[in-house]
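Coordinate analysis (summary)
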Amino acid sequence: MANVELTSLAKLPTLSKLRKLELSDNIISGGLEVLAERCPNLTYLNLSGNKIKDLGTVEALQNLKNLKSLDLFSCEITNLEDYRDSIFELLQQITYLDGFDQEDNEAPDSEDDDDEEGDEDDDDEDEGEAGPPGEYEEEDDEDEGGSDLGEGEEEEEVEGGDEEEEEGVRGEKRKREPEDEGEEEED
């Protein structure tokens, strides 16, 4: 129920098995005690972008005993002095607040992104070895989502640095373009 101009949770049905609830970008400013009554098994709650201003409002979440992750990003409460420490003290059952634990370690879902970034760094090193960057980057633009095999083949040809080989690469690109365009037209 994200971004639906929700002002109250009073009409929230009982969802006793619900574990994840997205309420971001609404106009909720209180009444959070309803969550513990009707959704007692929540483990993840996103209230980011709402009108939550003070700790008293969040205190109602103490009754969500299974709550592990709470997001209050872009709520006025985040401007309070010692906001993070206060929330962790008030809601001792939570592990993550706004995607980070008390030691500022990212929640597991976000850590997967970091691993992918590490892989990108490896690709950058390969890119530097491939030869003239303009040609390699041009190929990336044309072949987004292409197989790694195609990139590897061209990489070997460009590494030779011979003009004939570079023309061969260009010829391959021309051969692939109609295929790519044909695929796009089919979609």
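Focus: the pattern of salt bridges
For the structure shown, the criterion picks out one salt bridge. We note a salt bridge from Arg84 to Asp104, for which the minimum N-O separation is 3.7 Å. One end of the pair, Arg84, is in helix H3 (residues 83-90); the other, Asp104, is in the loop between strand S4 (96-97) and helix H4 (108-129), with 20 residues separating them in the sequence.

Considering the side chain of Asn50
On the secondary structure map, Asn50 appears in the loop between strand S2 (44-46) and helix H2 (55-59). Here Asn50 falls in the buried class, since its relative accessible area comes to 3%. At a separation of 2.9 Å, a polar atom in the side chain of Asn50 contacts the main-chain carbonyl oxygen of Leu47.

Comments concerning the nonpolar core
Ranked by internal contacts, the top residues of the largest apolar core, which has 31 residues, are Leu35, Leu45, Val58, Leu61, Leu70, Leu72 and Ile87. Elements supplying a minimum of two residues to this core: helix H1 (33-38) and H3. It is H3 that contributes the most residues to this core, four residues altogether. Once residues within four sequence positions are removed from consideration, Leu45 is found in contact with Leu21, Leu23, Leu35, Leu61, Leu64, Leu67, Ser69, Leu70 and Asp71.

Here is what the cut-offs are and how they apply
- Residues numbered from 1 in each chain as written.
- Predicted model: local features only at pLDDT ≥ 70, side-chain atom pairs only at ≥ 80, totals over all residues.
- Heavy atoms only, no water.
- Salt bridge = Lys/Arg side-chain N within 4 Å of Asp/Glu carboxyl O.
- Helix = DSSP H or I, 4+ residues; strand = E, 2+ residues; numbered from the N terminus.
- Buried < 20%, exposed > 50% of the residue type's maximum accessible area, 1.4 Å probe, protein only.
- Polar contact = N/O pair within 3.5 Å; in protein donor to acceptor, adjacent residues only side chain to side chain.
- Core = buried A, V, L, I, M, F, W, Y, C linked by side-chain atoms within 4.5 Å.
- Contact = heavy atoms within 4.5 Å.

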